[in-house]
Amino acid sequence: SAVISQKPSRDICQRGTSLTIQCQVDSQVTMMFWYRQQPGQSLTLIATANQGSEATYESGFVIDKFPISRPNLTFSTLTVSNLSPEDSSIYLCSAGQGSNQPQHFGDGTRLSIL
Amino acid sequence: AQKVTQAQTEISVVEKEDVTLDCVYETRDTTYYLFWYKQPPSGELVFLIRRNSFDEQNEISGRYSWNFQKSTSSFNFTITASQVVDSAVYFCALSGEGAQKLVFGQGTRLTINP
């Protein structure tokens, strides 16, 4: 199974700033995804990171707030822009090789906003 | 639309008891995939099992077993002889045909008391 490295593991940021989270997979994968887990809540998909094209965002999430890059088949970044206290969450990257294969997750980035 | 319901928000049992976590799903897809993940206090998501919609065989892995019943749209998870290390939040998830993105249930927080 793919090993997913995510960094930073945690950060504390000021309001109005931005944070970029990196996700590195140890093998080429078809699909990469970004999820948000608000405190005490379940995981919600932010977007699907598409290699070589714009990410596909879920309802309620927009590119201006959550720009995503995926320059190749092993790497993606998620930026959370114009941070506010409501953005305090765990952000998780996942990767998969197809719907009949399990998705594996990185360890997540715990983001707190001052 | 796809939906996963984990009606049990929290479960607390004494060590060595058996415990079953319920999962009910909704989908219109003919082909779909069901998953269970474990999220221990450290926060990472650990993949436990994947089941496709055409395979209704129950599965056992050590103390863990899963019961998939299409007739009731359920995919329940049983831990036999529970241990303190089983304490975690457990998520049931669903992905549809051709779409790898996961829809998660709200999670069940399982506490095993010594």
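The rules behind each value
Residue indices begin from 1 for each chain and proceed along its sequence in written order. Chain letters start at A and ligand numbers start at 1, both assigned in the order the entries are written. This being a predicted model, a pLDDT of at least 70 is required before a residue's local features are given, and a value of 80 or more before pairs of side-chain atoms are given or counted; all residues contribute to the totals for chains, interfaces and linings. Based on all heavy atoms of the structure, the side-chain values leave hydrogens and waters out of the count. Note on conventions: DSSP H or I runs of at least 4 residues are helices, E runs of at least 2 residues are strands, and numbering of each starts at the N terminus. Just to be clear, the radius of gyration here is over C-alpha atoms, and the globule rule we use is 2.2 Å times residues to the power 0.38. Each residue's exposure class comes from its accessible area (1.4 Å probe, protein chains only) as a fraction of the maximum for that residue type: buried when under 20%, exposed when over 50%, partly exposed otherwise. By definition in these notes, contact holds between two residues if any of their heavy atoms fall within 4.5 Å. Per-residue and other accessible areas were derived by the Shrake-Rupley procedure at a 1.4 Å probe size, with only the shown protein chains allowed to occlude residues. Nonpolar core, defined: a set of buried Ala, Val, Leu, Ile, Met, Phe, Trp, Tyr and Cys residues in which side-chain atoms within 4.5 Å join the residues together. By buried area we mean how much accessible surface two parts lose on assembly, using a 1.4 Å probe and totalling the loss over both. Here, a salt bridge means any side-chain nitrogen of Lys or Arg that lies within 4 Å of a carboxyl oxygen of Asp or Glu. Counted as a polar contact is a pair of N or O atoms within 3.5 Å, where, for protein atoms, one must be capable of donating a hydrogen and the other of accepting one, and residues adjacent in sequence contribute only when both atoms are in side chains.

Draft legend 1. How the structure looks around the overall build of chain A. Summing up its helical and strand segments, chain A has zero helices and eleven strands in all. Ordered by position from N to C terminus, the α and β elements of chain A give β-β-β-β-β-β-β-β-β-β-β. Whereas a compact globule of 114 residues would reach a radius of gyration of roughly 13 Å, chain A reaches 13 Å, a difference of no more than 12%. Over its C-alpha atoms, taken along the principal directions, chain A stretches across nearly 40 × 25 × 20 Å. A burial count over chain A gives 49% of its 114 residues as buried. Taking the intrachain contacts of chain A between residues at least 6 apart in sequence as the baseline, contacts between residues at least 24 apart amount to 54%. A total accessible area of about 5300 Å² is found for chain A, and carbon and sulfur atoms account for 46% of it.

Draft legend 2. Representation of the nonpolar core. Residues A:Met32, A:Trp34, A:Ile46, A:Phe66, A:Ile68, A:Leu78 and A:Tyr91 are the most contacted members of the largest nonpolar core, which totals 25 residues. Broken down by secondary-structure element, the contributors of at least two residues to this core are strand S3 (19–25), strand S4 (31–37), strand S5 (43–49), strand S8 (75–80), strand S9 (89–96) and strand S11 (109–113) of chain A. It is S3(A) that contributes the most residues to this core, four residues altogether. Judged by nonpolar contacts, the second largest core, of 23 residues, contains B:Leu21, B:Tyr25, B:Leu34 and B:Ile49.

Draft legend 3. Inspection of unusual backbone geometry at higher detail. Here the bond from A:Lys7 into A:Pro8 is cis, since omega is 0 degrees, no more than 30 degrees from zero. Secondary-structure assignment places A:Pro8 in the loop between strand S1 (4–7) and strand S2 (10–13). The phi torsion at B:Ser73 lies on the positive side, around 50 degrees, for a residue other than glycine. For B:Ser73, a relative accessible area of 24% translates into the label partly exposed. A positive phi is found at B:Ala81, a non-glycine position, where the angle reads about 50 degrees. By secondary structure assignment, the location of B:Ala81 is in the loop between strand S9 (74–79) and strand S10 (88–96). Its relative accessible area of 31% is what places B:Ala81 among the partly exposed residues.

Draft legend 4. Representation of the interface of chain B and chain A. With 22 residues of chain B at the interface, the matching set in chain A holds 23 residues. Approximately 1800 Å² of surface area, both sides summed, lies buried where chain B meets chain A, with 53% of it carried by carbon and sulfur atoms. Looking only at chain B, the three residues that lose the most surface to chain A are B:Leu45, B:Gln100 and B:Lys101, adding up to 35% of its buried area. On the surface where chain B and chain A come into contact, there are one salt bridge. Of the charged contacts in the structure, one is a salt bridge between B:Lys101 and A:Glu58, with a shortest N-O distance of 3.2 Å. Across the contact surface, chain B and chain A share six residue pairs in polar contact (both at pLDDT 80 or more).

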